[in-house]
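# Residue-level structural notes
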Amino acid sequence: MTVRIAFRLGGAVLGIALLLAGCSVPQLAYNNADTLLRFKLYAYLDPTEEQDLMMSSAIQRLHVWHRHNELPRYADAFAQMAQRVGTGLHETDIAWSRDLMYERYRALAARAVDDALPTVRTLEA
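Overview of the structure. (Residues numbered from 1 in each chain as written. Predicted model: local features only at pLDDT ≥ 70, side-chain atom pairs only at ≥ 80, totals over all residues. Heavy atoms only, no water.)

### With respect to the overall build of the protein chain
Helix and strand counts for the protein chain come out as 5 helices and 0 strands. Out of the 125 residues in the protein chain, the part that is buried amounts to 19%. Of the contacts formed within the protein chain by residues at least 6 apart in sequence, a portion of 59% connects residues at least 24 apart. If you sum the accessible surface of the protein chain, you get close to 8,900 Å²; carbon and sulfur atoms cover 64% of it. (Helix = DSSP H or I, 4+ residues; strand = E, 2+ residues; numbered from the N terminus. Buried < 20%, exposed > 50% of the residue type's maximum accessible area, 1.4 Å probe, protein only. Contact = heavy atoms within 4.5 Å. Areas by Shrake-Rupley, 256 points an atom, 1.4 Å probe, with all protein chains shown as cover.)

### Observations regarding the packing of helix α3 (residues 33–41) against helix α4 (residues 49–86)
Following both chains from N to C, one finds α3 and α4 inclined at 140°, their axes separated by 9 Å at the closest point. Here α3 lies oblique to α4, going by the angle between them. Where α3 crosses over α4, the handedness of that crossing is right-handed. Touching A33, D34, L37, R38 and L41 of α3 are D52, M55, S56, I59, Q60 and H63, all from α4. (Axes fitted to C-alpha atoms, helices over the stretch in contact; angles between N-to-C directions. Parallel < 35°, antiparallel > 145°, perpendicular 65-115°, else oblique. Left-handed = near helix turned anticlockwise from the far one by under 90°.)

### A word on the layout of surface pockets
The calculated volume of the largest pocket comes to roughly 290 Å³. Along the walls of the largest pocket sit 13 residues, with Y74, A77, L100, M101 and R104 positioned nearest its centre. When contributions to the lining of the largest pocket are tallied by element, the ones reaching two or more residues are α4 and α5 (91–120). Each residue belonging to the lining of the largest pocket can be placed in one class, and the counts come to 8 nonpolar, 2 polar and 3 charged. Forming the walls of the second largest pocket are 13 residues, and the residues nearest its centre are L41, M55, I59, A112 and A116. (1 Å grid on protein atoms, 1.4 Å probe; cavity = no way out; pocket = protein on both sides within 12 Å on 5 of 7 lines; lining within 4 Å. Points joined across faces, edges and corners; volume = space filled by probe spheres on them. Nonpolar A, V, L, I, M, F, W, Y, C, P; charged D, E, K, R; others polar.)

### Overview of the side chain of T119
Tracing the sequence through the fold places T119 in helix α5. A relative accessible area of 7% places T119 in the buried class. In this structure T119 touches Q51, M54 and M55, once residues within four positions along its chain are discounted.

### Describing the pattern of salt bridges
Side chains that differ in charge, positive against negative, can pair when their charged atoms come close. Taken as a whole and assessed by the stated rule, the structure comprises 6 salt bridges. Close ionic contact of E103 with R104 constitutes a salt bridge, the shortest N to O distance being 2.9 Å. Within the structure, one salt-bridge network assembled from shared partners comprises E70, E103 and R104. (Salt bridge = Lys/Arg side-chain N within 4 Å of Asp/Glu carboxyl O.)

See the structure below:
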């Protein structure tokens, strides 16, 4: 069985698990974001087994980094937003949240690119 077929089968199982999870879908999705990301990548790539291992490691490292570094920042941001909303939401609060969202997105993208480069360098057209 190729890696692609095995991964698609795993994706189907994950899909069923998501349906059964019901109310805990966001938590389940986040906890399995690494698998979901690999599933999405397989729509575009047909990696060798070695590339698959490299990709899996890079995605796992990114997920661990995100959980350790970014989730606490999100929690702080939500607490700050709750305070801002409590005093009345203003245009500056919307701008602040937009800027914060872009900042966190850029941090995630930069980290993802750094982690993906070794694998990307091995891909062929």
